[in-house]
Amino acid sequence: MAKSSAPSRERILIGAADMISRRGLNATSIRELAKHAKAPLGSTYHYFPEGKQQLATEAVRYAGEAVAHILRKELDAGPVAGLRAFLTLWRGIVVDSDFRAGCPVLAVSVEEPPTDEIPPALVAAAEVFEDWERLLTEALTGHGADPDQAPGLAALVVASVEGAIAMCRAKRSMEPLDQVARQLEALIVGALDGSA
């Protein structure tokens with residue numbers, strides 16, 4: 001693959017998502033986001049002329065789609081395989097960053113909006129969570145789970161994993177994610193066995 005001297009839009013999005021996952025959105029400036037992505041500020045404004053909110057919104061969507069891509073692929077083998085892939089992804093991010101990074105979607109979600117208006121990055125985060133829940137719900141019902149119970153179980157998976165990631169970072173231990181993983185897998189197996 002040929003290397004370009006100009007940073008790609010994708011590289012800036014990846015860098016911004018990573019920085020947001022580490023420090024949150026409110027604690028970073030567009031200058032810091034650009035620096036973290038190893039991109040000149042001018043290139044950042046070229047790709048994201050509306051500034052920090054546009055970059056953050058698109059970074060959240062990019063991260064959400066990257067996770068959804070993995071989920072779609074792994075959920076073909078069933079909800080347990082999808083859960084394991086979801087957990088493996090987050091484990092890698094937390095461990096590889098030495099407990100410094102988590103989920104950029106969660107990071108944007110837990111910050112107080114700077115104004116009374118709902119910022120676009122927060123709207124994007126809600127859409128990402130809904131997408132992940134929908135994918136899990138479809139896999140659960142497609143593999144025999146009760147259609148009335150599947151949406152709640154999907155929401156529980158996303159909420160539990162997101163919460164466990166935050167706990168892992170705080171405790172500097174993967175034990176919260178390991179505990180949640182065991183419980184969620186048992187619940188999914190039970191939901192699928194209950195359909196037989």
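Scroll up to find the structure this text is about.
Here's a quick rundown of the structure. Here the structure is a predicted model, which means the values were calculated and not measured.

1. Describing empty space enclosed by the protein
Part 1 of the reasoning: By the definition in use, this model includes two cavities of 30 Å³ or more.
Part 2 of the reasoning: In this model, the largest cavity occupies a volume close to 80 Å³.
Part 3 of the reasoning: As for the largest cavity, its lining consists of Leu-25, Asn-26, Gln-53, Val-108, Glu-111, Glu-112, Pro-113, Pro-114, Pro-119, Ala-121 and Leu-122.
Part 4 of the reasoning: Tallied by class, the residues present in the lining of the largest cavity amount to seven nonpolar, two polar and two charged.
Part 5 of the reasoning: Lining the second largest cavity are Pro-79, Leu-136, Leu-140, Ala-154, Val-157 and Ile-188.
Part 6 of the reasoning: Of all the elements in the fold, those that place two or more residues in the lining of the second largest cavity are α7 (120-142) and α8 (150-171).
Part 7 of the reasoning: Tallied by class, the residues present in the lining of the second largest cavity amount to six nonpolar, no polar and no charged.

2. Topic: the layout of surface pockets
Part 1 of the reasoning: If you add up the space inside the largest pocket, you get close to 270 Å³.
Part 2 of the reasoning: Along its surface, the largest pocket is lined by 15 residues, and Ala-17, Asp-18, Ala-63, Ile-93 and Pro-104 are the ones closest to its centre.
Part 3 of the reasoning: Only α1 (9-23), α4 (52-75) and α5 (79-96) provide two or more residues apiece to the lining of the largest pocket.
Part 4 of the reasoning: Classifying every residue of the lining of the largest pocket gives twelve nonpolar, two polar and one charged.

3. Some remarks on unusual backbone geometry
Part 1 of the reasoning: Of note in the backbone geometry, Lys-38 takes a positive phi value of approximately 55° without being a glycine.
Part 2 of the reasoning: Note that Lys-38 resides in the loop between α2 (30-36) and α3 (41-47).
Part 3 of the reasoning: Even without being glycine, Phe-99 reaches a positive phi, approximately 70°.
Part 4 of the reasoning: Structurally, Phe-99 is set in the loop between α5 and α6 (104-109).

4. Things to note about the packing of aromatic side chains
Aromatic ring pairs are described here by two measures, namely the spacing of the ring centres and the angle between the planes.
Part 1 of the reasoning: Evaluated as defined, the whole model comprises five aromatic pairs.
Part 2 of the reasoning: Arranged with centres 6.3 Å apart and planes meeting at 85°, the rings of Phe-86 and Trp-90 form a pair that is edge-to-face. Of this pair, Phe-86 and Trp-90 both sit in helix α5, four residues apart, which is roughly one turn of the helix.
Part 3 of the reasoning: A relative accessible area of 2% means that Trp-90 is categorised as buried.

5. Comments concerning helix α9 (residues 175-193)
Part 1 of the reasoning: Compared with the 27 Å implied by 1.5 Å per residue over 19 residues, the 27 Å span of α9 between its first and last C-alpha is a close match.
Part 2 of the reasoning: Residues of α9 that are buried: Pro-176, Leu-177, Val-180, Ala-181, Leu-184, Ile-188 and Leu-192. Seen end-on, α9 carries its buried residues on one side only, within an arc spanning 125°. Exposed residues lying more than 90 degrees from the buried face of α9 are Gln-183 and Asp-193.
Part 3 of the reasoning: Elements in contact with the buried residues of α9: α5, α7 and α8.

6. Let's talk about the packing of α8 against α9
Part 1 of the reasoning: Following both chains from N to C, one finds α8 and α9 inclined at 170°, their axes separated by 8 Å at the closest point. Judged by the inter-axis angle, α8 sits roughly antiparallel to α9. When you trace α8 past α9, the crossing you get is left-handed. Seen from α8, the contacting residues are Leu-153, Leu-156, Val-157, Ser-160, Val-161, Ala-164, Met-167, Cys-168 and Lys-171; seen from α9, they are Pro-176, Leu-177, Val-180, Leu-184, Leu-187, Ile-188 and Ala-191.
Part 2 of the reasoning: Looking at the contact of α8 with α9 residue by residue, the class counts come to 14 nonpolar, one polar and one charged.

What counts and what doesn't
Residues numbered from 1 in each chain as written. Predicted model: local features only at pLDDT ≥ 70, side-chain atom pairs only at ≥ 80, totals over all residues. Heavy atoms only, no water. 1 Å grid on protein atoms, 1.4 Å probe; cavity = no way out; pocket = protein on both sides within 12 Å on 5 of 7 lines; lining within 4 Å. Points joined across faces, edges and corners; volume = space filled by probe spheres on them. Nonpolar A, V, L, I, M, F, W, Y, C, P; charged D, E, K, R; others polar. Helix = DSSP H or I, 4+ residues; strand = E, 2+ residues; numbered from the N terminus. Phe/Tyr/Trp six-rings, centres within 6.5 Å; stacked < 30°, edge-to-face > 60°. Buried < 20%, exposed > 50% of the residue type's maximum accessible area, 1.4 Å probe, protein only. Expected span 1.5 Å × (residues − 1). Arc of directions from axis to C-beta. Contact = heavy atoms within 4.5 Å. Axes fitted to C-alpha atoms, helices over the stretch in contact; angles between N-to-C directions. Parallel < 35°, antiparallel > 145°, perpendicular 65-115°, else oblique. Left-handed = near helix turned anticlockwise from the far one by under 90°.

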